[in-house]
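Commentary on secondary and tertiary structure
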Amino acid sequence: PFMTSVMNIGALRWHFLLQSLENLQKNLLQLGSCLLVIQGEYESVLRDHVKKWNITQVTLDAEVEPFYKEMEAKIRSLGEELGFKVLSLISHSLYDAQRILDLNGGTPPLTYKRFLHVLSLLGDPEVPVRNLAAEDFQRCRPPDLCLAEHYRVPLPVDLKIPTESLSPWKGGETEGLQRLEQHLMNQGWVASFTKPRTIPNSLLPSTTGLSPYFSLGCLSVRTFFYRLSNIYAQSKHHSLPPVSLQGQLLWREFFYTVASATPNFTKMVGNPICLQINWYEDAERLHRWKTAQTGFPWIDAIMTQLRQEGWIHHLARHAAACFLTRGDLWISWEEGMKVFEEMLLDADYSINAGNWMWLSASAFFHQYRRIFCPVRFGKRTDPQGHYIRKYLPILKKFPSKYIYEPWTASEEEQKEAGCIIGQDYPFPMVNHKEVSDHNLLLMKQVREEQYR
Amino acid sequence: MAAATSIHSFIACSNLEAFFRMKRARQKAVVENEAPQTSQKIKKKRTGFQGARFGEASLPGSGWGSLPHHVILRIFQFLPLVDRARASSVCRRWNETFHVPELWRRFEFELSQPATSYLKSTHPDLIQQIIKRHADHLQYVSFKVDSSTESAEAACDILSQLVNCSIKTLGLISTAKPSFMNVSKAHFASALTVVFVNSKSLSSIKIDDTPVDDPSLKVLVANNSDTLKLLKMSSCPYVSPAGILCVADQCHGLKELALNYYILSDELLLALSSEKHVDLEHLRIDVVSENPGQVEFHTIKKQSWDALVKHSPKVNIVMYFFLYEEEFDAFFREETPVTHLYFGRAVSKAMLGRIGMNCPRLIELVVCANGLQPLDDELMQIAERCKNLTAMGLGECEVTCRGFIEFVKMCGGRLTQLSIMEEVLIPDNDYNLDQLHSEVSKHLGRMWFPDMMPTW
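Bear in mind the structure is a predicted one, so any value in this text is a computation, not a measurement. (Residues numbered from 1 in each chain as written. Chains lettered and ligands numbered in written order. Predicted model: local features only at pLDDT ≥ 70, side-chain atom pairs only at ≥ 80, totals over all residues. Heavy atoms only, no water.)

Summing up its helical and strand segments, chain A has 22 helices and 2 strands in all. Taking contacts inside chain A between residues at least 6 apart in sequence as the whole, the part at least 24 apart equals 75%. (Helix = DSSP H or I, 4+ residues; strand = E, 2+ residues; numbered from the N terminus. Contact = heavy atoms within 4.5 Å.)

With that settled, the discussion passes to the sheet that holds strand β9 (residues 340-346) of chain B. Residue and element names in this part refer to chain B. Taken together, 12 strands build an open sheet; the order of strands is β1-β2-β3-β4-β5-β6-β7-β8-β9-β10-β11-β13 and the sheet is parallel. This sheet does not close on itself; its edge strands, each paired only once, are β1 (106-111) and β13 (417-420). Averaged over all pairs of adjacent strands, the angle between strand axes in this sheet comes to 10°, irrespective of strand direction. Examined bridge by bridge, β1 and strand β2 (residues 140-145) share 6 bridges and lie parallel to one another. Among the inter-strand pairings, L111 is bridged to a residue of β2, identified as V145. (Pairing = 2+ DSSP bridges. Axes fitted to C-alpha atoms, helices over the stretch in contact; angles between N-to-C directions.)

Glancing now at the side chain of A:E72. Tracing the sequence through the fold places A:E72 in helix α4 (residues 66-82). Excluding residues within four positions of it along the chain, A:E72 makes contact with A:L60, A:D61, A:A62, A:E63 and A:S88.

Here the focus is the interface of chain A and chain B. Listed as interface residues are 47 residues of chain A and, on the opposing side, 50 residues of chain B. Linking chain A with chain B are 1 salt bridge. A:E449 is the partner of B:K144 in a salt bridge, and the nearest nitrogen-oxygen pair spans 3.0 Å. Put simply, chain A and chain B have 5 residue pairs in polar contact (both at pLDDT 80 or more) between them. For the side of chain A that touches chain B, the elements supplying multiple residues, two or more each, are α6 (112-122), α12 (247-260), α15 (314-327), α16 (333-343), α17 (349-359), α18 (376-381) and α22 (432-450) of chain A. The element that contributes the greatest number of residues to the side of chain A that touches chain B is α22(A), accounting for 9 residues. For the side of chain A that touches chain B, a count of residues per class yields 19 nonpolar, 14 polar and 14 charged. (Salt bridge = Lys/Arg side-chain N within 4 Å of Asp/Glu carboxyl O. Polar contact = N/O pair within 3.5 Å; in protein donor to acceptor, adjacent residues only side chain to side chain. Nonpolar A, V, L, I, M, F, W, Y, C, P; charged D, E, K, R; others polar.)

Moving on to the confidence of the model for chain A. Residues and elements named next belong to chain A. Predicted confidence across chain A gives a mean pLDDT of 85, with 89% of residues reaching 70 or more. Taking the mean pLDDT of every element in chain A, the minimum, 46, falls on helix α8 (residues 189-194) and the maximum, 96, on helix α13 (residues 283-290). Scored below 50 in pLDDT, residues 1-5 shows 11 contacts in the model against residues more than four places distant or in partner chains. A low-confidence stretch, residues 191-196 (pLDDT under 50), is modelled with 11 contacts involving residues beyond four sequence positions or located in other chains. (pLDDT = per-residue confidence, 0-100.)

Further remarks concern the packing of helix α10 (residues 214-224) of chain B against helix α11 (residues 241-250) of chain B. All names here are of chain B. Their axes nearest at 8 Å, the elements α10 and α11 cross at an angle of 10°. Between α10 and α11, the angle is such that the two are roughly parallel. For the pair formed by α10 and α11, the contact residues are D214, L217, K218 and V221 on the first element and G243, I244, C246, V247 and Q250 on the second. In terms of residue class, the contact of α10 with α11 is made up of 5 nonpolar, 2 polar and 2 charged. (Parallel < 35°, antiparallel > 145°, perpendicular 65-115°, else oblique.)

Here the focus is the packing of aromatic side chains. If you walk through the whole model with that rule in mind, you get 48 aromatic pairs over all chains. Linked through ring pairs, A:Y112, A:F115, A:W251, A:F254, A:F255, A:W358 and A:F364 together constitute an aromatic cluster. The side chain of B:R106 reaches across the aromatic face of B:Y140, ending 4.4 Å from its centre. Above the ring of B:Y320, the side-chain terminus of B:R284 is found at 4.0 Å from the ring centroid. (Phe/Tyr/Trp six-rings, centres within 6.5 Å; stacked < 30°, edge-to-face > 60°. Lys NZ or Arg CZ within 6 Å of the ring centre and 35° of its normal.)

With that settled, consider the state of the cysteines. All told, the structure shown has 0 disulfides over all chains when counted by the stated rule. This cysteine, A:C419, is not joined by any disulfide, and A:C373 carries the nearest cysteine sulfur, 20 Å off. The cysteine B:C386 is free of any disulfide, with B:C359 supplying the nearest cysteine sulfur at 6.3 Å. (Disulfide = S-S within 2.5 Å.)

Here the phi dihedral of A:K160 falls at roughly 60°; this positive angle occurs in a residue that is not glycine. Turning to its location among the elements, A:K160 is positioned in the loop between α6 and α7 (173-185). The backbone phi angle of B:F332 is positive, close to 60°, even though this residue is not glycine. Secondary-structure assignment places B:F332 in the loop between β8 (316-322) and β9.

Next up on the list: the confidence of the model for chain B. Residues and elements named next belong to chain B. Overall, the prediction assigns chain B a mean pLDDT of 83, with 84% of residues at 70 or greater. Mean pLDDT across the elements of chain B ranges from a minimum in helix α1 (residues 2-34), with 40, to a maximum in strand β5 (residues 230-232), with 97. Counted against residues more than four places away or in other chains, residues 1-58, with its pLDDT under 50, gives 37 contacts. For this predicted complex, the interface confidence score (ipTM) comes to 0.71, while the overall pTM stands at 0.78.

Right, dumping it as structure tokens:
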């Protein structure tokens, strides 16, 4: 399938995608229709099937990412050649990015506040369309129902990935809608959106998290937006602006908008908004970060959860990204972006690259002085170390005062915890204080040269 | 400027094509006259080769090639080096202009190893050309090296060859790891002293993160004491307090100095305050634990600071602190005339209290991290006693909304730069974040927002 040529998709995301397709198939069957999955390169698939099945219309989501833009253009020209209509609609994002660009003088807003200001001029996004019913499919019959077996949703074994996914995240619209209800019912959601202070539990796999469902199209962002708006209208906390509730959606929109108008968005070289920084090329260190062997339990637990489950809390992303780039290892954000692309369920061309640039202080007017300390930041978030104990069981016997920096425990204490640092668990791969001091000054130097 | 450059280069290049064809044709014409037996064939070839231009500009000495030198020079000054180099192979006149001294005053050597660096490197042929033909023209020179030792050594090799030059500005810049530190001290010193000895009019030197030592500084002073105005040498571990004192004693024109705290001494400050010395404008001090486990730092006497400020009342004193919380004991016990303070790591509440008490000249304060206790009181004191404070940045700290608003109210419009992470602010009974934003904006007299991190 074409997706593999553009993005590096790991096994967990394949599972999620396949589950989503299965779910879609099930839901369509209930409405009297079905899902046919055709595998192959899109151009030849269309050429083969347009005549065979008398296809009169091809519909797709309007996308901002360059690969999809090109695909849409090609499909349109195929449509002219082979005689079918092409219908593309904005549904993956809240707004048409072009309108935002137009209102901002042709360039994307590069600060969140400016972005919000432009959105306020646009007004609310379009309301979501109504749900489908069986009647809608009366005029849209599948070519032949017995084809369903031939064009079924692929199984993991077909794609040569392990049969089971160990991730607690299950794909599909049904699952997504359940989570949405859960999310909106959750009493603490108001607090968690106005003040992004983490409580230890929020690091654990979220039962109300929605980002993978938006990313893979299982849920409509506009539906979520309007559900939130309704709640705001009814809530007693009228002093809180709706912006703080819809923050997750709007940040997503922000990055889509910038990506749509920035060439080479996912690279440093040739990217007009990105600082040109002389990052180190160090495959070995990158590997240690990727495989959770940095020796810093906070970082390693994060990377372990990422690999096993495909989702980490956004503050965990900040910590891991800062450590790799401007904080400690001074390795390029492009490398980190590729790793996240492979392992994150909600990895997305625009959002992934945008956040990596933000967290590595490569773009977006970012105040770079705050380097997250891989010890202190974790301690602050989860003082008892529950998160570490869950994802790095080898360390679970360490008392809380050592669990973020186990190398500071004496040999006795390490023996008691059943884990010798340097043997059962690695030594810290850098001296954080030294490297972060140096990196702070380096970043200042780059800033002074290239920015402003 | 970038846009202008590209437009100019486009015009130059597209006309170069036509001109080049024209020039070659003229040469062919000359050959033709000398070899009459083949003239028929060549004539035929020539007409196919030409555009209309040839007919127009058939007189030698007219057209692009005969622009006055100063005009070509002016155009060249807009072109990036690579386009200039291409232009220089068009004709003799352009080539001559390419090599005039004015175009070679300023050069930045970029040295990196392609296998490990993202950024480009100055071509070795170009480097050779510069050393051969333009070493004497160079006046403002910098070397940008990546983290590999080879690049730093290449920089030293170039330096060693700059014998007949009168360099005014020299900068050695490590863009990643401090690779100059991996060059042997002897090799580095001998390369650097070539420039020190030969230039005799060095005014600005940036050699942070290098193995420069006391003897090299002596050579610098012996040859450039009248002209030296700026010296930046933070993180140069082989320099001693005596070494830098020698510079202060002899170089009375020194206006800007950057060094590490361990070589700062009372004598140094007094030397910089001597009558013969010009006003010091900028003093930057990096405070770092030089040795692992070092907890004690020497103190500078208040009288020494006072002498400096009396001598140079407008001096900016910039201090960067990279210390553990328990290492701060020696600092800010008495009045300290620091103007710009940066805490790269955590700093304690108590220390911020001391700063409020003892830093009346403070203009800018940046705190990377503090702790989990709100800093309301400390901020209040800073607002009250640091009347010159115009810029503040708070990283991983805690401040209540009310406390922050009070702080801003007290400082008022003098705070031209105020940056605080949204997550640092604790909403309280009096104010939440949204109200905070409008209150603060009101007191500052402009639209203000806290810094935000994206919700990924």
